[in-house]
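# Breakdown of the fold
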Amino acid sequence: MKADVLIVGGGLMGCATAIELARKGKSVTVFEKDVPGRHASGNNSGGVRCQGRDLREIPFAVESRKMWDLHPKTVSSDCGFYVSPRLRLAENDAEMEVLVKRQEKLNSLGYTHEVVVDLNEVRRLSPNVADHVVGGLVCYTDGLANPMLTSKAYAAAAGREGVQILTRTRVVEVQTMSWGFKLRTADGKVYEGETLINATGAWSGRFSEMLGDPLPVFSAAPTMMVTDRMADMMNGTSLGLTGRLLGLMAAQNGTIIVGGGYRSPHDLEKEKIWIDPMQMTKASKIMIEVLPGLKDAQMIRCWAAFEGCLADKVPIVGSSKQVPGLFHVCGFSAHGFQLAPIMGRVMSQIVLGQQPDFPLDDFRPDRFEQKVK
Amino acid sequence: MKTKYDAIVVGAGPAGLACSAELTAKGLDVALVDEQSSPGGQIYRNITRATVNRHNILGSDYSEGLQVVKEFTEGGGTYLPRTRVWQAEATGDVYFSRDGYSGALHGEYIVLTTGAMERPVPFPGWTLPGVMTCGGMSNLFKDSGLVPKQPVVICGSGPLVWLVAEHLLALDAPITAILDTTPISQITAAMKHVGGALKRFDYMMKGIKMIAGVEAKARKKKVPLHRNISHLEAIGTDRVERVSCKKGARTLSFEASTLLVSEGIIPNTSLLRQVGVKHTWNPVQRFWHPDVTLEGRTNLDSVFVAGDGSFVHGAKSAEYKGRLTGLTIARELHRLSDQQFAEQSAPVKEKLKRELLPRPFIDALYAPAKKLYALADDTIVCRCESITAGRIREFIAEGYVDHNEIKAIIRCGMGPCQGRMCSSAVFELIAEGSGLAPETIRQHRLRPPIKPVSLQELANAKVGENDES
């Protein structure tokens, strides 16, 4: 079986890339070992956030945010998106200075989406924050979406564009040929294509080794939690902190989704995650300090998903320097959800040999080798 | 507080008590952890504090539980009441909340004796105040002698229905109807197992006597008793006011301010699933049962399961299963030689075997009727999030066949009960709508904490912090 482009990984990055390529006339086959949305794409915290991103990602995030509004047209679903301003709190003057500097830096680069706000505005946005908070930095256009719905909408849209999505189909062998690639799946079938895209998320470190282009992507199990309904506690505003680990997302139903970098031990081979209850105790302490009213809240559930991470916490997006015809889009380090729409677009551009909308130099696959030298 | 033990036993019902007693008798260090404030589990709930009058009403089957409580108490094992376990791991770690703080215990072995729960079956009006389970009613009586003073209807299938009817009749509660939903066809189906059951003639007679007693007393008190009932519905605005149902083509209606329902008992497997015990679909009980050997072993070396949590067999069987598990762990920890184990376990196995003789008959007779889950589209399935059967069917029609995915999108099973009340029904809806064989459908996953824990309790954790990764 033949296609122009073979994409391994049916998560958001794989499907976003597939949709764009199919719309530009390419035949695409997606190989998904489980089902779309089984791992990080469908089980992340749902934050659609520009706030607080690494500067290297900002141009992409700002453009991507516009694309989130277009989802009803582009993927025939709103993906459950709604605006919930993301307010990053300063808990002391030193942190406030960090936030002021960040805004100055962003402004100097021409970005105005993050705004320093005083205590009055903090209290207007989030009336229940603790007394020690001194100010904040807010992105009014940030929001939340439903990751499972988004993953399924992307997969369905890809299907409508003629992309062949092979679910429960594991790629077990890749051969590099003079004309492209030969893939063998666990059921013994062989697929051929000129171009190969690695969008295997948590598995992309391992998969890239199989391709002869090893990447330093390591797996992690970001751990999220959710509280019972706490009506009016968040006032629709999501919160982050400047000096400590915590992200509190104001879900529309009144529950609070807790994220912000908690991790659990895991075994990628056995696909098993042991949710570390200490993460709950740590998060709870900080939550009560920041929103004292949460002492009456309950933790309802934790969950975790496999994600691919890199040491410098920005992804790998680009063509392989080792294997011609191979492209990577992986290692989003637990904040790729918001970036999926724009990544699909720039990936399709570089696969077609076009200039990407934004330079991808910071995300080069070989950037780690250069550091060693 | 001491945190390391040879074994942590979760649940102080007959299985947990017997298992802990066996282990302490062998000189092992055991902590028995339980949510309630006194030992006994659900079946022997509040047994050490119940009044003589309550013992008289509940009968000798209840009072017999004092034996195993005494055996445990005199054995001197550590007993941790009012302690809610919300996560366990195969490493032997058990996480709990107690008196406003959370903490961790560690056992070389953990024994999960989590008991049984009533099979949650949605029906129109089941979310109305005043609707509760027969087991819930039984607990209220055991705890505080509470008896309904207003009109009450009892409806369902299984021994618990007759037991609660017997108690409420004895207590002169104003019962307006007793409704048995067991389909006639199942009586015929069960008859092929009657031979085995009759080997426990005493047991069968007890059941027959109980039902006959309820029938006689109901007749005397002019309480209507109907069989082969279907289409149960609770009707009311702010709480249940009437109960309607069908008997063949006839519609029956009764006044009620309390409706007691029971559609059988299933193992309470929340903690078992969270810890990673393997489960297998049981097509007769229409439930995922844990894979547990007679001696309590699971797929996880350090995790044992005993009592009704492995399969509902009743209080005496639970006690025997608990004993066998205790003996097995004692052998693992070299407190019993193989020969001693064989000698001590043989009589327990013999008693358990006898106790299990009538089960195939009872299980066939009271197997969940398939039509139980023939839910109307407007019936609420997920109580926490008010999701109807119709809404779930829409997603199944779109091709969703995984409760976990449906949950992530429309939140059924995402509330505080973590799907305890809706997962059986959602599973049946998926099987109905997809045509897939039930055993091939992905089970609903459980994540810790299996029960809500307050943030304050978590923040007050009395455990060391892990290194940041």
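Not measured: the values here are computed from a predicted model.

The next subject is the overall build of chain A. The secondary structure content of chain A amounts to 11 helices and 23 strands. Against the 2.2 N^0.38 benchmark of 21 Å for 373 residues, chain A shows a C-alpha radius of gyration of 21 Å, consistent with a compact globule. Taken across its 373 residues, chain A has 57% of its residues classed as buried.

Residues and elements named next belong to chain B. Read from one edge of the open sheet, 5 strands run E8-E15-E9-E10-E11, paired in parallel fashion. Unpaired on one side and paired on the other, strand E8 (131-133) and strand E11 (225-226) mark the two borders of the sheet. Bridge count between E8 and strand E15 (residues 258-262): 3 bridges; the pairing is parallel. If you follow Val-131 over to E15, its bridge partner there is Leu-259. In this fold helix H6 (residues 159-170) packs onto strand E9 (152-156), strand E10 (175-180) and E15, with an angle of close to 160° to the strand it touches most, E9.

Another aspect to go through is the interface of chain A and chain B. Contacts between the two partners involve 28 residues from chain A, matched on the other side by 23 residues from chain B. Contributions of two or more residues to the side of chain A that touches chain B are made by helix H7 (147-160), helix H9 (277-290) and strand E20 (298-304) of chain A. Sorting elements by how many residues they give to the side of chain A that touches chain B places H9(A) first, with 9 residues. Residue classes in the side of chain A that touches chain B are distributed as 15 nonpolar, 6 polar and 7 charged. Examined bridge by bridge, E20(A) and strand E22 (residues 453-454) of chain B share 2 bridges and lie antiparallel to one another.

This next bit is on the UniProt feature "domain: FAD dependent oxidoreductase" (unreviewed entry) in chain A. Mapped onto the present numbering, the UniProt feature "domain: FAD dependent oxidoreductase" (unreviewed entry) falls at residues 4-349 of chain A. Split by type, residues 4-349 of chain A is 29% helix and 27% strand. Its first and last C-alpha atoms lie 15 Å apart.

On to the pairing of strand E2 (residues 28-31) of chain A, then. For a regular strand, side chains alternate in direction, first toward one face of the sheet and then toward the other. Residues and elements named next belong to chain A. Burial along E2 is two-sided: Val-28 and Val-30 and Thr-29 and Phe-31, pointing in opposite directions, are all buried. Note: strand E1 (residues 2-8) against E2, 4 bridges, orientation parallel. Bridged to Ile-7 within E2 is Val-30. For the crossover from E1 across helix H1 (residues 12-23) to E2, the handedness is right-handed.

Moving on, we get to helix H14 (residues 389-397) of chain B. Residues and elements named next belong to chain B. Listed in full, the buried residues belonging to H14 are Ala-389, Ile-392 and Phe-395. What you see down the axis of H14 is that its buried residues fit within an arc of 125°, all on one side. Contact partners of the buried residues in H14: strand E20 (380-382), strand E21 (387-388), helix H15 (403-410) and helix H16 (423-434). Backbone geometry just after H14 places Gly-399 at a positive phi near 110°.

What counts and what doesn't
Residues numbered from 1 in each chain as written. Chains lettered and ligands numbered in written order. Predicted model: local features only at pLDDT ≥ 70, side-chain atom pairs only at ≥ 80, totals over all residues. Helix = DSSP H or I, 4+ residues; strand = E, 2+ residues; numbered from the N terminus. Rg over C-alpha atoms; globule rule 2.2 N^0.38 Å. Buried ≥ 20, exposed ≤ 12 C-beta atoms within 10 Å, placed from the backbone. Pairing = 2+ DSSP bridges. Contact = placed C-beta atoms within 7 Å. Axes fitted to C-alpha atoms, helices over the stretch in contact; angles between N-to-C directions. Nonpolar A, V, L, I, M, F, W, Y, C, P; charged D, E, K, R; others polar. UniProt positions renumbered as here; feature names shortened; annotations may be inferred. Right-handed = clockwise from strand over helix to strand, strands pointing away. Arc of directions from axis to C-beta.

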